[in-house]
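# Structural overview for review
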Amino acid sequence: MVGEGALFEGTLRFSDGLRIDGEVLGDVLALGGSNNMLFISEKAKVNGTVKAGHVIINGAVNGPVISTKMLELQSRAHIQGDIRYVALEMHQGAVIEGALNKMTDEEKVALIASN
């Protein structure tokens, strides 16, 4: 967990699960396959690439988002960057300033293998 009021600088790598309530200046990358979860709360800010299996965003992300399983954009999500996803759920109020691109099965396998 990156708590509210915390600032993390650098690449943040995790397995299993991670919740961000603070600010991350750098990439947030899940290790392993698609069986991990990242939650970016309404208080959180991430400036960098976000890559994980199941991604739930309700805060701000300035950078590309890559989800190899499920991407949930909640009502306060604000993303400035391109998005690559396998499955997408978007709530009313979420903002995306970038392109949405659905991943093929081949792209998903290649991304998971690159970890």
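The coordinates are above.
Residues numbered from 1 in each chain as written. Predicted model: local features only at pLDDT ≥ 70, side-chain atom pairs only at ≥ 80, totals over all residues. Heavy atoms only, no water.

## Topic: the pairing of strand β6 (residues 37–40)
To be explicit about the condition: The pairing criterion for strands is at least two bridges between them, as found by DSSP. In DSSP terms, a helix is any run of H or I states spanning at least four residues, a strand is any run of E spanning at least two, and both are numbered starting from the N terminus.
The pairing of strand β3 (residues 17–20) with β6 spans four bridges and is parallel. Bridging across to β6, isoleucine 20 finds its partner in isoleucine 40. As judged from the four bridges shared by β6 and strand β8 (residues 50–57), these two strands associate in the parallel manner. Residue isoleucine 40 lies in a different strand from β8, and its bridge partner there is isoleucine 57.

## Re the pattern of salt bridges
Put simply, the rule is: Take a side-chain nitrogen of Lys or Arg and a carboxyl oxygen of Asp or Glu: if they are within 4 Å of each other, that pair is a salt bridge.
Here the structure, examined in full by the defined rule, presents three salt bridges. A salt bridge links lysine 43 to glutamate 4, with the nearest nitrogen and oxygen atoms 3.3 Å apart. Here lysine 43, found in the loop between β6 and β7 (45–47), pairs with glutamate 4, found in the segment before β1 (7–9); they are 39 residues apart in sequence, far enough to count as distant.

## Some points on the pairing of β8
Rules: Residue exposure (1.4 Å probe, protein chains only): buried if accessible area is under 20% of the type maximum, exposed if over 50%, otherwise partly exposed.
The buried count for β8 comes to eight of eight residues, which makes it a mostly enclosed element. Of the pairings in the sheet, the one linking strand β5 (residues 28–30) to β8 comprises two bridges and is parallel in character. Each bridged residue has a counterpart across the sheet, and for leucine 29 the counterpart in β8 is lysine 51.

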